[in-house]
Amino acid sequence: SMVEMGALSEEKSLVEPQRPDEEVEGEEYASCEEVEWTPNLKLKRISETDVSELPVAYRSNSKKEGLALDYVANFERQYIDLYPYRAPLLLCPLNECGMPKFVCTTVRPTQLTYKQLYDYDKCAAFVADYVTYEPLELPSMLPRHMPSPTSVLKDQAGDCFDLSILLCSLLLGIGYDAYVVVGYAHKKTTRCDQTDRPAAYRASGPAAEGNGGQGSNRYKVQRRPPLESRFLKQQAAEVEVEAANEVAKAHHEAALLLPDEEDEEEMDELRGRRVHAWVLILAGKRELPDDFFVEPSTGVCHRLDESPPFYGVESIFNASNYWVNMQAKEKTSKELSWELSDTSCWEYVFVDSTGASSVDALTLEEGGEEGAEEADTSAHPIAAAPLAVVAAAAAAPAADGEEVVGPPIPRVGSQAALEKPAATVAVAVAVTSVGSAGEEAGVPVESNVGPENILDLPPSWVLKILLTPAQLESKCPGRTKEVPYHRGVLHKWAPYARADGMVSRLTVYHDNKRTQASEVIETFMQRKDRLHKRATNLQANEVVEEFLPGRPFGLRVHELVSGERRRLRFYPGARLDGLQLREETLGKKTIETYVGRDDRLVYRSVTFDPSSASQIVAGAKEAEPVIVKMAEKYARDPSIDAEADVAKRVYSVTAPGFIRALYQFGDGHVTASSRVYPKETWKPLVTLVDPFAKKPLDSALREDFQALVLAERECLQAFREQERQMKDILVKRRGEEAEHQLIISVYDTARSRQYLDADRKEDGASAAVMHDYLTPFLPTPKAGVALTLDRETSLKVRENCLKSLRDRLVERATIIQSRLDEENANLAKKTSTFSRNRDHADKQTEEEYERYCQSAMFRIQIIDERLKRHEKQALQKYEEMDSRLRAEPRMRALMH
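Residues numbered from 1 in each chain as written. Predicted model: local features only at pLDDT ≥ 70, side-chain atom pairs only at ≥ 80, totals over all residues. Heavy atoms only, no water.

### Digging into the overall build of the protein chain
Inference 1: Along its length, the protein chain carries 23 helices and 25 strands.
Inference 2: Classification of the 896 residues of the protein chain by burial places 40% in the buried group.
Inference 3: Restricting to contacts in the protein chain with at least 6 residues of sequence separation, those with at least 24 account for 60%.
Inference 4: Carbon and sulfur atoms make up 53% of the accessible area of the protein chain, which amounts to about 52,200 Å² in all. (Helix = DSSP H or I, 4+ residues; strand = E, 2+ residues; numbered from the N terminus. Buried < 20%, exposed > 50% of the residue type's maximum accessible area, 1.4 Å probe, protein only. Contact = heavy atoms within 4.5 Å. Areas by Shrake-Rupley, 256 points an atom, 1.4 Å probe, with all protein chains shown as cover.)

### Thoughts on the nonpolar core
Inference 1: Among the nonpolar cores identified, the biggest contains 64 residues, and F102, F161, L171, I281, F317, Y322 and F350 are the most heavily contacted of them.
Inference 2: It is helix 9 (residues 160-173) that contributes the most residues to this core, 9 residues altogether.
Inference 3: Once residues within four sequence positions are removed from consideration, F161 is found in contact with L90, L136, L142, P143, M146, V182, V275, H276 and A277.
Inference 4: With 32 residues, the next largest nonpolar core counts F524, Y651, A661 and V686 among its residues. (Core = buried A, V, L, I, M, F, W, Y, C linked by side-chain atoms within 4.5 Å.)

### Considerations on unusual backbone geometry
Inference 1: With an omega of -10°, the peptide bond between A655 and P656 qualifies as cis.
Inference 2: Locating P656 in the fold gives a position in the loop between strand 22 (646-652) and strand 23 (658-663).
Inference 3: We note that R286 has phi near 55°; this positive angle belongs to a residue other than glycine.
Inference 4: Along the chain, R286 falls in the loop between strand 4 (275-282) and strand 5 (292-295).
Inference 5: Accessibility expressed as a relative area gives 28% for R286, which makes it partly exposed.
Inference 6: One non-glycine residue, Y496, adopts positive backbone phi at about 70°.
Inference 7: In this fold, Y496 is placed in the loop between strand 11 (488-493) and strand 12 (502-509).
Inference 8: Classification of Y496 by relative accessible area gives buried; the value is 18%.

### Considerations on the packing of aromatic side chains
Inference 1: With the rule as written, the count across this model stands at 20 aromatic pairs.
Inference 2: An angle of 85° between the planes, with centres 5.0 Å apart, marks the rings of Y58 and W461 as edge-to-face. Taken together, the residues span a long stretch of sequence, with Y58 in helix 4 (residues 56-59) and W461 in the loop between helix 17 (422-441) and helix 18 (469-474) at a distance of 403 residues. For the pair shown, Y58 and W461 are each scored as buried.
Inference 3: Considering the side-chain rings of W338 and W346, the 5.5 Å spacing of their centres and the 25° angle between planes classify their relative orientation as stacked. Both residues of the pair, W338 and W346, count as buried.
Inference 4: In textbook terms, an aromatic cluster arises when at least three aromatic residues are bridged by ring pairs, as seen for Y71, F102, F317, Y322 and F350.
Inference 5: Taking NZ or CZ as reference, R527 lies 5.1 Å from the ring centre of F524, over its face.
Inference 6: The ring of Y571 is capped by R556, whose NZ or CZ atom sits 6.0 Å from the centre of that ring. (Phe/Tyr/Trp six-rings, centres within 6.5 Å; stacked < 30°, edge-to-face > 60°. Lys NZ or Arg CZ within 6 Å of the ring centre and 35° of its normal.)

### Points about the packing of helix 7 (residues 120-130) against helix 9
Inference 1: At their nearest, the axes of helix 7 and helix 9 sit 10 Å apart, and the two run at 150° to each other. Overall, the two elements helix 7 and helix 9 adopt an arrangement that is roughly antiparallel. The hand of the helix 7/helix 9 crossing is right-handed. For the pair helix 7 and helix 9, contact is made by Y120, C123, A124 and V127 and by L163, L166, L167, L170 and L171, respectively.
Inference 2: Its residues placed into classes, the contact of helix 7 with helix 9 shows 9 nonpolar, no polar and no charged. (Axes fitted to C-alpha atoms, helices over the stretch in contact; angles between N-to-C directions. Parallel < 35°, antiparallel > 145°, perpendicular 65-115°, else oblique. Left-handed = near helix turned anticlockwise from the far one by under 90°. Nonpolar A, V, L, I, M, F, W, Y, C, P; charged D, E, K, R; others polar.)

### Some thoughts on the packing of helix 22 (residues 791-836) against helix 23 (residues 843-887)
Inference 1: In contact at an axis separation of 10 Å, helix 22 and helix 23 are set at 170° when each is read in the N-to-C sense. Taken together, helix 22 and helix 23 sit at an angle that is classed as roughly antiparallel.
Inference 2: Tallied by class, residues from the contact of helix 22 with helix 23 come to 21 nonpolar, 6 polar and 13 charged.

### Here we look at empty space enclosed by the protein
Inference 1: The full count for this structure, using the stated rule, is 2 cavities of 30 Å³ or more.
Inference 2: Approximately 50 Å³ is the volume found for the second largest cavity.
Inference 3: Taken together, N61, E65, A68, L69, P100, K101, F102, T105 and P458 form the lining of the second largest cavity.
Inference 4: Looking at the lining of the second largest cavity element by element, the count peaks at 3 residues for helix 5 (residues 63-82).
Inference 5: Across the lining of the second largest cavity, the residue classes break down as 5 nonpolar, 2 polar and 2 charged. (1 Å grid on protein atoms, 1.4 Å probe; cavity = no way out; pocket = protein on both sides within 12 Å on 5 of 7 lines; lining within 4 Å. Points joined across faces, edges and corners; volume = space filled by probe spheres on them.)

### Notes on the confidence of the model for the protein chain
Inference 1: For the protein chain, the average pLDDT comes to 79, and 75% of its residues sit at 70 or higher.
Inference 2: Within the protein chain, the element-level pLDDT minimum falls on helix 14 (residues 381-384), averaging 30, and the maximum on helix 9, averaging 95.
Inference 3: Low pLDDT, under 50, characterises residues 1-36; the stretch is placed with 47 contacts to residues that sit more than four places away or in other chains.
Inference 4: Overall, residues 201-216 carries pLDDT values under 50, and its contacts beyond four positions in sequence, including any with other chains, amount to 24 contacts. (pLDDT = per-residue confidence, 0-100.)

Written out as structure tokens, the structure is:
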């Protein structure tokens, strides 16, 4: 059986479908193949594979696999007879050991234990980055070898079929309804060429749009649409049309510099014949609302209604079955029906266990109602026999001269055969063979059935896909990757591959030749300063930095336009003052917005003198902005009357200054009350909404004015405090950029151990260096010159060293003496107090006094002995230091 399958594979590789009236085009086709031949390293890797190290399932086929291969070979023969002009099917390619394997068994559904690979988009991005894409050697021919997904992960290289099978295995493992699609694609798609895609292109599947993949709730109460002005809509539409025209004009000018993509595709000699494989994900599982394609070489998702870069589809398969496309070749992916249970659109290889069997279908078609009755009453025991015996007999032809007895079989090429699926015809031939063999032997068919003879899809021969944390972290071969786009280049790095923690950098260029950079977008990970993203607009001289939560002062976004504007956004929950946004127009105005404050402050602005703006922008030293006006806004407090609830306060600082207080709008009012207090003269201006309301008394106005003056001081103080804090933030940012620090996770044991060992080595090296007591007193030597001391310098060093020791000893003696004096003073004070009140003291007071005296005398005795001991040791230490200095080799000049 295996020899026959090998011969069949060799015969299949030599057969090239060619239409009878296209001999000339066939010659052109061969020349195109010769020109388009692209050698890859796949065959070299397979030839260098050590077969002895691979499992037995890789090097041989089990009996069940051989049975399935025989059945698939029979299916392929029937398919070729029925459709001689169609392209060959990818059914049994050779694996890395040279063994033919049914392609469905090469798919190994596996769920990896990583949260990062639980979504389809992240899986696709990982496969596209981790595995190096290699084009097919012959772009219009199916590959003869299909290595296992484990080998693809190990080699980190493969063609479109290798990447598609690996991605399909991962998607099936995490619950998606995924299939490998075999068809034809555009030239740039087959070459993984993304130079026609914008650099900022970000494809997203259906689950990332709208409501996050959740189906729309039709029972949800619809909100009333907001009132909109038709005039404003018309103006906005006109502005959009003008902007669209400008964008279209810019695109047209840019397109003139590049060859037309459609023309380039139409000029391709192999247009529509470039074989390619990609992944199809059907809706339903994992709450996906729509079907879409996934290109494994780039990780980009294409909706079916977005004209994906694919042509026709020959077949699809996954770990459960293989389906052949029976629909018209002219149909696009949007027009194709993806209902796999429809046999008029898709022809299956193996009978689905959840549907009707091929034998029953054939019986119903041949005999109509009579056939149905026979099937129900088991009139033909062969029809009820397991399909294992069917395929086993299919491989054993009848003896010469023997007549096959059984149901009528349509002649190959007849109209009846063309109307039946190939799998049905294959099963019909097998049923006939088994019927004759079983009846002649006189043995019941069921007696030949065993677990290894059951004809169903064998289990996958591939080992479980394993991925270590180090492999997942590496992301790319060599831990780095570069992807060119249209007017852009994307660089990727693995975590910890760079000292600054950068993991990606997208450079957008202004021209098609990618020589003039206009924007740089950098992404970081594991930064101690929590920096996540930095976008630099080189044309506008603007830098935007984004930070993750956990940073001091709660900084979230830092935007800077050099010499013009700075905007700081914060995480309000991480700050006590509730600061959310601080925007500085350098030298002109500063705006702060707040949320969640107890005093209901939501806005504060400070306006500066325009004359000082030029000095601030120019960066003049000691240039302080001159404050002209300050303003504060407050949210409405429902517990206070609107007439007493302040909405806004305006403080005019420059002379003649004033303070304006605006109050909240009352219910049903379109105006609000206000008060204006001039600072130089007492002429308050009070405006009341209610004309019948009484004007406040002068005393009440004066109290309100004093409160506003105090609020003005607090506003100025709060602004100065925010200024100081912002300066600290900017100074710290400059220090962080000067010295990058990365965070090592406690779960990253290998890297944590490496850094810990390095720290221990540094500590050991510093501890090995002996402390030099003369270093603080010796003169600083010149670079490259040995230090030598003359007598005068030696005497000075000796004097300074002894003086330092003497000062330390005297300081310690002073400390001990002060403690002794303090204890004596406390005891004397306690004794004096007790003597004055002794006549009125009770027994408990006398006992407490006696205990205190005993404790105090003990402490005084200890401190006194310590003082005497220190005085005695001080003289000894001084003499020892003098002797040590005289014996010091560097102080030899003292002896001369």
